[in-house]
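Chain by chain, the residues run as shown.
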Amino acid sequence: MRRATFRGGIHLPGYKELTSNSATVVLPVPDKLYIPLSQHIGAPCAPFVNVGERVKKGQKIGVGKGFVSAPVHSSVSGTVTDILIMEHPSGSFVPCIVVENDRQEEWAESVKSATDTEILSPEELRSIILNAGIVGMGGATFPTHVKYSPVEGRQVDTVILNGVECEPYLTSDHRLMLEKPEQIIAGLGYIMKAVNCRKGLIGIEDNKPDAVEKMQNAAKANPGISVVVLKEKYPQGSEKQLIYACTGRHVPVGGLPIAVGVIVNNVATAVAITDAVEHGIPLIERYVTVSGDGIVTPANYLVRIGTLFNDLILQSGGFTGETEKIIAGGPMMGKTVFTSHIPVVKGTSGILVMQKKTGKISAEYPCVRCAKCVDACPAFLEPTSLAKLARRRLWKETEDGDVMSCIECGSCAFICPSQIPLLQHIRRAKQAVLAARTLTSAAQ
Ligand code: SF4
Ligand code: SF4
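All values derive from a computational prediction rather than experimental measurement.

A.B. asks: Where do I start with the overall build of the protein in this structure?
C.D. replies: In terms of regular secondary structure, the protein is built from 14 helices and 18 strands. A globule of 444 residues ought to have a C-alpha radius of gyration of about 22 Å, and the protein, at 22 Å, matches this closely. Overall, the protein is about 65 × 55 × 50 Å in size when its C-alpha atoms are taken along their principal axes. Counting contacts in the protein only where the partners sit at least 6 residues apart, residues at least 24 apart contribute 74% of the total.

A.B. asks: Can you help me understand helix H6 (residues 239-247) in this one?
C.D. replies: Of all nine residues that make up H6, eight are buried, and the element is covered over most of its length. Every buried residue belonging to H6 is among Glu239, Lys240, Gln241, Leu242, Ile243, Ala245, Cys246 and Thr247, and all of these are buried. Where H6 is buried, its residues touch strand E1 (3-4), strand E10 (158-162), strand E11 (200-205), strand E12 (225-230) and strand E13 (262-266). Positioned one or two residues after H6, glycine 248 has a phi angle of 75 degrees, which is positive.

A.B. asks: Explanation requested: the domain arrangement of the protein in the structure shown.
C.D. replies: Partitioning the protein into structural domains gives domain 1 (25-111 + 282-358), domain 2 (112-279) and domain 3 (372-443). In this structure, domain 1 and domain 3 have C-alpha centres spaced 32 Å apart.

A.B. asks: Is there a simple way to think about the sheet that holds strand E5 (residues 54-55) in this case?
C.D. replies: Whenever strands of a sheet pair, they do so through backbone hydrogen bonds, lying parallel or antiparallel. Pairing is antiparallel across the open sheet formed by four strands, whose spatial order is E3-E9-E8-E5. Bordering the open sheet on either side are strand E3 (32-36) and E5, each of which pairs with just one other strand. As paired strands, E3 and strand E9 (residues 93-101) are joined by five bridges and run antiparallel to one another. Bridge pairing links tyrosine 34 to valine 98 in E9.

A.B. asks: Quick question: what am I supposed to make of the packing of helix H4 (residues 181-194) against helix H5 (residues 209-219) here?
C.D. replies: When two helices pack together, their arrangement is given by the angle between the helix axes and the distance between those axes. At a minimum axis distance of 9 Å, the contact between H4 and H5 shows a crossing angle of 55 degrees. On the basis of their axis angle, the class for H4 and H5 is oblique. By crossing handedness, the relation of H4 to H5 is classed as right-handed. For the pair H4 and H5, contact is made by Pro181, Glu182, Ile184 and Ile185 and by Lys214, Met215, Ala218 and Ala219, respectively. Counted by class, the contact of H4 with H5 contains six nonpolar, no polar and two charged residues.

A.B. asks: I'm lost on unusual backbone geometry in this one. Help?
C.D. replies: What is expected of a backbone is that most residues other than glycine have negative phi and most peptide bonds are trans. In this model, tyrosine 234 is joined to proline 235 through a cis peptide bond whose omega is 0 degrees. Structurally, proline 235 can be placed in the loop between E12 and H6. With a phi close to 60 degrees, arginine 103 is a non-glycine residue in the positive phi region. On the secondary structure map, arginine 103 appears in the loop between E9 and helix H1 (122-131). One non-glycine residue, threonine 141, lies in the positive phi region at around 55 degrees. Position of threonine 141 among the secondary structure elements: in the loop between H1 and helix H2 (144-148).

A.B. asks: Whenever I open this one, the nonpolar core confuses me. Can you help?
C.D. replies: The nonpolar side chains of a soluble globular protein tend to be buried with one another. One finds Ile184 and Met215 to be the most contacted residues of the largest nonpolar core, which totals 125 residues. Once residues within four sequence positions are removed from consideration, isoleucine 184 is found in contact with Leu161, Met177, Met215, Ala218, Val267, Ala270 and Val271.

A.B. asks: Can you help me understand the site of ligand 1 in this one?
C.D. replies: Of all residues adjacent to ligand 1, which total 16 residues, the nearest are Cys377, Cys406, Cys409, Ser411 and Cys412. Looking at the shell around ligand 1, the elements with two or more residues in it are helix H13 (411-415) and helix H14 (422-443). Broken down by element, the residue count for the shell around ligand 1 peaks at three residues, all from H14. Partitioning the shell around ligand 1 into residue classes produces 13 nonpolar, two polar and one charged.

A.B. asks: Mind showing me how you'd approach the sheet that holds strand E17 (residues 335-337) here?
C.D. replies: Ordered by their spatial adjacency, six strands build an open sheet running E2-E15-E14-E18-E16-E17, and the pairing between neighbours is mixed. Every interior strand has two partners, whereas the edge strands, strand E2 (25-26) and E17, have only one. For strand E14 (residues 285-291) and strand E18 (residues 350-355), the ladder comprises three bridges, and the chain directions are parallel. Bridging from a neighbouring strand, valine 290 pairs with isoleucine 351 of E18. The strands that helix H3 (residues 172-179) touches are E14, strand E15 (299-304) and E18; relative to E14, the one it contacts most, it runs at about 125 degrees.

A.B. asks: Explanation requested: the environment of asparagine 196 in the structure shown.
C.D. replies: By the secondary structure assignment, asparagine 196 is in the loop between H4 and E11. In this structure, the C-alpha to C-alpha distance between asparagine 196 and valine 98, residues 98 residues apart in sequence, is 40 Å.

A.B. asks: Help me understand helix H7 (residues 267-279) in this model?
C.D. replies: Given 3.6 residues to a turn, an α-helix orients residues that are three or four positions apart in the same direction. For H7, which comprises 13 residues, the first-to-last C-alpha distance of 18 Å matches the rise-based estimate of 18 Å (1.5 Å per residue) to within 8%. A large share of H7 lies buried, amounting to 11 of its 13 residues. Among all positions in H7, only Val267, Ala268, Thr269, Ala270, Val271, Ala272, Ile273, Thr274, Asp275, Ala276 and Val277 are buried. Where H7 terminates, the next one or two residues include glycine 280, which has phi positive at roughly 70 degrees.

What counts, and where the lines are drawn
- Residues numbered from 1 in each chain as written.
- Chains lettered and ligands numbered in written order.
- Predicted model: local features only at pLDDT ≥ 70, side-chain atom pairs only at ≥ 80, totals over all residues.
- Helix = DSSP H or I, 4+ residues; strand = E, 2+ residues; numbered from the N terminus.
- Rg over C-alpha atoms; globule rule 2.2 N^0.38 Å.
- Contact = placed C-beta atoms within 7 Å.
- Buried ≥ 20, exposed ≤ 12 C-beta atoms within 10 Å, placed from the backbone.
- Domains from an automatic or database assignment.
- Pairing = 2+ DSSP bridges.
- Axes fitted to C-alpha atoms, helices over the stretch in contact; angles between N-to-C directions.
- Parallel < 35°, antiparallel > 145°, perpendicular 65-115°, else oblique.
- Left-handed = near helix turned anticlockwise from the far one by under 90°.
- Nonpolar A, V, L, I, M, F, W, Y, C, P; charged D, E, K, R; others polar.
- Core = buried A, V, L, I, M, F, W, Y, C linked by C-beta atoms within 7 Å.
- Near = placed C-beta within 6 Å.
- Expected span 1.5 Å × (residues − 1).

Written as structure tokens, this is what we have:
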């Protein structure tokens, strides 16, 4: 078995055994769903319904104006009882549509029984994906139809499905590959057709041999699709690192995967596309891992979008010990949230609850110039120098040091024996460089 990888990166304790062997549980649908109007990168949607209106399951309830946008749909049938501002897993406050579940599960008219998918053109496929509100479900939440729109002078020759899931604790994609391999392969086939490409790859780390086997068997249905087995290493699932490991191509600094003829999507996105293409079902549910040492029973759930983190935590038996923090996503690139009264959104792959002892912040020591952070950086940066420049607020110098190429993977900070919060300094520098660029373009 060939095991491809990228340069740099680190080996992390996985904690995957907490949930990887338990079949996904369908979470009971709550009485109230809180569906945010912003669940994608780009301008938020505007409400498409009024308070008091009855809605059906799968009905469009929020629509966006810009091209980089994705509509949102009701994940139950019921009544719109409120439109309010509430906290989002990203940390911002966004408008949410509250739907009281009438438990009728009455589908919107747009949801239909099986369609003849053979006759669909690439344009029709892209239009279905747009109308289904599908976004990158690995966490990036970039509207999927935008990614598939033709770019002049560029041809996609490879579509890569990301089945890496390199963040510790998270296993929802792993379970998806075990439980829905045929839907993943079908979804990859639709993506390939939507972008006129004949080659599909599925990147999976070698710590998931059962998923590799399942996907290899399912891939036999499509001769253009194969599985690439990757070495277990963090951040193997980052877009540029995955592309290099699977194809040997380097995405240029500041460039998009299309620059090297590649499109990358998550395995969960492929399943959402299959549901949309074959049945007209929009993106209204997703797989979510609930894990960490601060939760009684870690598990994977199939959850309706708009379900509160609270409901999932309760279903998992509640908190153990004293909670240090709750993270939306993985421990490396996820966001710490300050309440569990926030809804699951399209990009929520996991909810981690950490007990006080594991989340403890330890003391910082001076740099010992060991260069471990440099060796670990998958973006070929010098994190130690960038952090020193950022501390001195030398933003232009950090820009010259390529700070904007940082993918914020946190490998440098994790490996640093002096426990220097390198990523924190680098993030600050990136924000300062971005702000300076905005000012300059506004002045022109
Ligand atoms: S500098 Fe950025 S890309 Fe490099 S290891 Fe640190 S966080 Fe990751
Ligand atoms: S890993 Fe930490 S101690 Fe080592 S060079 Fe980088 S910043 Fe310095």
